[in-house]
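Single-letter residue listing:
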Amino acid sequence: MNPEGTPVPEENPVPEEPAQPEVTGRQRLLRSLWPPKVSRAQLIVALLLFVLGLGLAIQVRSNSESSALRGARQEDLVRILDELDDRTQRLEDEKQRLDDQRTELENSSDQAEEARRQTVEKERQLGVLAGTVAAEGPGITVTVTDSKGAVEGDMLLDAIQELRAAGAEAIQINDVRVVANTYLTDGSDGVEVDGRAISAPYRFKVIGKAQDLEPALNIPGGVVQTLEKEQATVEVTRAEKIVVDALRRANRPDYARSSSQ
């Protein structure tokens, strides 16, 4: 105090600190979560879990895509099973035939003559497949009438594939022989088979087991229904004798030679 008795103000007074706001529990929780404090070990674990999840997702997708039969209709599954059974039976028959030929060769008194006979028979069979000789036998005829001009080459190709899968041994479309390397395209004047133009009505002559060939075309969603959607008319007729007489010229290879020579 000064002599007059009045108080003397203090030099450099210390300012009072403002009161700190009270921190709630939610704020403390948020501060502990953000910014995140991640250790190296946690990063490695997270990366491994990500890679594992990605691998599982890829595997599940691959399995679902490869299982094409999962969404197939019951009629399609039955048809596929029937075709597999037919193919298995044909392979068994071919195996039995070859076994019989071997037995005949082993037991024949004149093996040279037997071998010649089998060679001629094999040549005839290969000629039928190559289209260089005529063939006849039971089968069906398929006539496709296309008044609207809507039938395309891929539709007729589907018919050929279905017939082959059902066991067709010889096929002819109009006057063109169908062989292993036959192709169909859409030309300026309609469908072309191996570069040769054909016109409607398209007439298939097919040699094979009619009980297998006809149902293969008439399956739900198959060849007949597809063509009928294009307003084409399909007529399938069974016959005890079908003659496939359109021939292919046997081309001699320029470079390939038999390895037995």
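Residues numbered from 1 in each chain as written. Predicted model: local features only at pLDDT ≥ 70, side-chain atom pairs only at ≥ 80, totals over all residues. Heavy atoms only, no water.

Looking at an unreviewed UniProt entry, one finds the chain named DUF881 domain-containing protein, with Streptomyces polyasparticus as its source organism. In the Sequence similarities (unreviewed entry) part of its UniProt record, the chain is described as follows: "Belongs to the UPF0749 family." (UniProt positions renumbered as here; feature names shortened; annotations may be inferred.)

**Some details on the overall build of the chain**
Regarding its fold elements, the chain presents seven helices and eight strands. Here the contacts in the chain between residues at least 6 apart in sequence split such that 75% fall between residues at least 24 apart. Entry remark: accessible area of the chain is about 19,400 Å², with carbon and sulfur atoms responsible for 54%. (Helix = DSSP H or I, 4+ residues; strand = E, 2+ residues; numbered from the N terminus. Contact = heavy atoms within 4.5 Å. Areas by Shrake-Rupley, 256 points an atom, 1.4 Å probe, with all protein chains shown as cover.)

**Description of the nonpolar core**
Core analysis: the largest hydrophobic core is formed by 32 residues, its most contacted members being I140, V144, L163 and F204. At five residues, helix 5 (residues 153-165) tops the list of elements feeding residues into this core. When neighbours within four sequence positions are excluded, L163 is seen to be in contact with I140, A168, I171, F204, V206, L213 and L217. Formed by six residues, the second largest nonpolar core is a distinct cluster that contains V128, A170, I207 and V244. (Core = buried A, V, L, I, M, F, W, Y, C linked by side-chain atoms within 4.5 Å. Buried < 20%, exposed > 50% of the residue type's maximum accessible area, 1.4 Å probe, protein only.)

**Description of the pattern of salt bridges**
Within the structure shown, the criterion is met by four salt bridges. One salt bridge connects D175 with R196, and the closest N-O pair in it is separated by 3.6 Å. Here D175 is found in the loop between strand 2 (170-173) and strand 3 (176-178), whereas its partner R196 is found in strand 6 (residues 196-198), with 21 residues between them in sequence. Accessibility expressed as a relative area gives 47% for D175, which makes it partly exposed. A salt bridge links R238 to E214; the nearest nitrogen and oxygen atoms lie 2.5 Å apart. Here R238, found in strand 8 (residues 233-244), pairs with E214, found in helix 6 (residues 210-217); they are 24 residues apart in sequence, far enough to count as distant. Taking the relative accessible area as the measure of exposure, R238 reaches 46% and is therefore partly exposed. (Salt bridge = Lys/Arg side-chain N within 4 Å of Asp/Glu carboxyl O.)

**Topic: the sheet that holds strand 6**
Read across the open sheet, the three strands follow the order 4-5-6; overall the sheet is antiparallel. Strands with a single pairing partner mark the edges of an open sheet, and in this sheet they are strand 4 (184-187) and strand 6. Direction aside, neighbouring strands of the sheet carry axes that sit 40° apart on average. In the sheet, strand 5 (residues 190-193) pairs with strand 6 via three bridges, with the strands oriented antiparallel. Across the sheet, V191 pairs through a bridge with I198, a residue of strand 6. (Pairing = 2+ DSSP bridges. Axes fitted to C-alpha atoms, helices over the stretch in contact; angles between N-to-C directions.)

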